[in-house]
Amino acid sequence: MKKTLAKLADGRELIYFDHDHDDDRDDSAVRDAPDLRPLDRVDSRPELRRDEATGDWITIAAHRQGRTYHPPAGECPLCPSRDGRLGEIPAADYAVAVFENRFPSLAGEAGRCEVVCFTPEHEACFADLTPSAARLVLDAWTDRTAELSALPGVEQVYCFENRGAEIGVTLAHPHGQIYAFPFVTPRTAKMTAAAAAHRAATGRNLFEDLLAGARAATERVVTAGEHWTAFVPYAARWPYEVHLYPHRRVRDLTRLTEAERAEFPGIYLDLLRRFDRLFPVPGRPQGPAPTPYVSAWHQAPRTHGEELALHLELFTVRRSPDKLKFLAGTESGTEAFINDVAPEAAARRLREALS
């Protein structure tokens, strides 16, 4: 992997990632492509407040009200800057680009937010990537995990992708985000507590047992390889939810072996394509309807994360071709989830999705 550093007009960091064997683009040309926009620095001073009733940290980021919202394709800020159109990425072409978010939820002493552009192709999606391109994204996630984890005050690095307007995505270009939190997020804190209780009760690791249980209960396995298994959790919260675990427990992306990294793209692309075939639309000439989803890497925090295992959680809010799973009274009000689809049935649908 080749990594090229640059700066945007307002001083934010921009990083290009390329394959070692990619000789189609001159690195110096990329590095020297200037950001010609007359940008002023955004006054981003998010505030962290602790909810005294729950102990959760809440981020107040009022400056985000002015962020870019559903621009037309011709004004997408994540496309390469070409044909007189200037965006967040000054180069006329790129493979993977990462930059500091202009409207961050976290900044300064309160952490950091980055945007990851998976491809220069506006109409593409992650599932359209080649295995080689998907591997480059994995390498970029890994690089950023290592760099951001080393920043003072960062407790947890969270790489994720929101896909689809139904999820709340405001930029259609295929991209994800990385949050470097200065605190341990609520879901991670719950998993940490559950893992500690499991260790105290059984002497074993919770996540190793979850993976072993899923692999033994084959009706919940969606697909598996030599180094990874994708399965629907026993108590899935979402209509279609898949967890992807490496067979060897590691804390974060930086600990994966080359063999584990090499197998990941094929497994992950297979999962995304299964999701996109869950809800075919009869007579739709362009193929299956894109399924909205959240794809989230869960990594161990800097402290008290010895028992946590790296894994990816992929889920959709769509429960049928014309129905969404809304977080209404019970979920939003009490965090008590009710799932309309049995996990075993969801796994079966996903196994059959590519047949």
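Calculation notes
Residues numbered from 1 in each chain as written. Predicted model: local features only at pLDDT ≥ 70, side-chain atom pairs only at ≥ 80, totals over all residues. Heavy atoms only, no water. Salt bridge = Lys/Arg side-chain N within 4 Å of Asp/Glu carboxyl O. Helix = DSSP H or I, 4+ residues; strand = E, 2+ residues; numbered from the N terminus. Buried < 20%, exposed > 50% of the residue type's maximum accessible area, 1.4 Å probe, protein only. Phe/Tyr/Trp six-rings, centres within 6.5 Å; stacked < 30°, edge-to-face > 60°. Lys NZ or Arg CZ within 6 Å of the ring centre and 35° of its normal. Arc of directions from axis to C-beta. Contact = heavy atoms within 4.5 Å. Polar contact = N/O pair within 3.5 Å; in protein donor to acceptor, adjacent residues only side chain to side chain. Axes fitted to C-alpha atoms, helices over the stretch in contact; angles between N-to-C directions. Parallel < 35°, antiparallel > 145°, perpendicular 65-115°, else oblique. Nonpolar A, V, L, I, M, F, W, Y, C, P; charged D, E, K, R; others polar. Core = buried A, V, L, I, M, F, W, Y, C linked by side-chain atoms within 4.5 Å. Pairing = 2+ DSSP bridges.

S.K.: It is not clear to me how the pattern of salt bridges should be interpreted in this structure. Could you clarify?
M.R.: A pair can form between side chains of opposite charge whenever their charged atoms are brought close. Scanning the model with the defined rule gives 30 salt bridges in all. Between Arg-112 and Glu-13 there is a salt bridge whose closest N-O contact spans 2.8 Å. Within this pair, whereas Arg-112 is found in strand 6 (residues 112-117), its partner Glu-13 is found in strand 2 (residues 13-18), the two being separated by 99 residues in sequence. A residue is classified by how much of its surface remains accessible, and Arg-112, at 17% relative accessible area, is buried.

S.K.: What is the right way to look at the packing of aromatic side chains in this model?
M.R.: Applying the stated rule across the entire model yields 19 aromatic pairs. Relative to Tyr-268, the ring of Phe-126 has its centre 5.2 Å away and its plane inclined at 75 degrees; by these criteria the two rings are edge-to-face. A residue pair is termed long-range when its members are at least 10 positions apart, and Phe-126 in the loop between strand 6 and helix 2 (131-149) and Tyr-268 in helix 5 (residues 258-276) qualify at 142 residues. Summarising the burial analysis for this pair, Phe-126 and Tyr-268 share the class buried. Aromatic rings pair up to connect Phe-118, Phe-126, Trp-141, Trp-228, Phe-264, Tyr-268 and Trp-297 into one cluster. Across the ring face of Phe-337, the terminal group of Arg-237 is positioned such that the distance to the ring centre comes to 5.3 Å.

S.K.: Explanation requested: helix 4 (residues 206-216) in the structure shown.
M.R.: Residue pairs three or four apart in sequence face the same way in an α-helix, which turns once every 3.6 residues. Listed as buried for helix 4 are Leu-206, Phe-207, Leu-211 and Ala-214. Around the axis of helix 4, the buried residues are gathered within 135 degrees of arc, so they sit on the same side. Buried residues along helix 4 sit in contact with helix 3 (186-202), strand 9 (221-224), strand 10 (228-231), strand 11 (240-246) and strand 13 (311-316). Residue Asn-205 occupies the N-cap position of helix 4, its side-chain oxygen lying 2.9 Å from the main-chain nitrogen of Phe-207.

S.K.: I keep staring at the packing of helix 3 against helix 4 and nothing clicks. Help me out?
M.R.: When two helices pack together, you describe them by how their axes are tilted relative to each other and by the distance separating the axes. Interaxial distance between helix 3 and helix 4 falls to 8 Å at its minimum, and their mutual angle equals 85 degrees. Put simply, helix 3 runs roughly perpendicular to helix 4. In contact with Met-191, Ala-194, Ala-195 and His-198 of helix 3, helix 4 contributes Leu-206, Phe-207 and Asp-209. A breakdown of the residues in the contact of helix 3 with helix 4 according to their chemical character gives five nonpolar, one polar and one charged.

S.K.: Just to check I follow, could you spell out the environment of Cys-113 for this structure?
M.R.: As for its placement among the helices and strands, Cys-113 is situated in strand 6. Look at Cys-113 and you get buried, because its relative accessible area is 2%. For the pair Cys-113 and Ala-95, spaced 18 residues apart in the sequence, the C-alpha separation amounts to 20 Å. Excluding its chain neighbours within four sequence positions, the residues that come into contact with Cys-113 are Phe-99, Glu-100, Asn-101, Pro-104, Ser-105, Leu-106, Ile-178 and Tyr-179.

S.K.: Honestly, the environment of Glu-52 in this entry has me stumped. Any pointers?
M.R.: Positionally, Glu-52 belongs in the loop between strand 3 (47-50) and strand 4 (57-60). A residue is classified by how much of its surface remains accessible, and Glu-52, at 79% relative accessible area, is exposed. Sequence spacing of Glu-52 and Pro-239 is 187 residues, and the spatial spacing of their C-alpha atoms is 32 Å.

S.K.: Could you clarify how one ought to interpret unusual backbone geometry in this entry?
M.R.: Backbone geometry follows two general trends: most residues other than glycine have a negative phi, and most peptide bonds adopt the trans configuration. Within the chain, Asp-83 stands out as a residue other than glycine whose phi angle is a positive 55 degrees. Accessibility expressed as a relative area gives 78% for Asp-83, which makes it exposed.

S.K.: Teacher, can you tell me more about the nonpolar core here?
M.R.: Soluble globular proteins tend to bury their nonpolar side chains together. Phe-126, Trp-141 and Trp-297 are the most contacted members of the largest nonpolar core, which has 53 residues in total. Here this core gets eight residues from one element, more than from any other, and that element is helix 2. In this structure, Leu-8, Cys-76, Ile-89 and Leu-171 belong to the second largest nonpolar core, which totals 15 residues.

S.K.: Hey, could you run me through the environment of Leu-211 in this one?
M.R.: For Leu-211, the position within the fold is in helix 4. Along the chain, Leu-211 and Tyr-94 lie 117 residues apart, while their C-alpha atoms are 37 Å from each other. Those residues in contact with Leu-211 that sit more than four places away from it in its chain are Thr-229, Phe-231, Tyr-245, Pro-246 and His-247.

S.K.: Please explain the pairing of strand 5 (residues 96-100) as it appears in this structure.
M.R.: Within a regular strand, side chains alternate between the sheet's two faces. With respect to burial, strand 5 is a largely interior element, four of its five residues being buried. Where strand 2 and strand 5 come together, four bridges link them in antiparallel fashion. Bridge pairing in strand 5 links Phe-17 to Val-96. In this sheet, strand 6 lies alongside strand 5 in antiparallel orientation, the contact comprising four bridges. Counterpart to Phe-99 in the pairing with strand 6 is Val-115.

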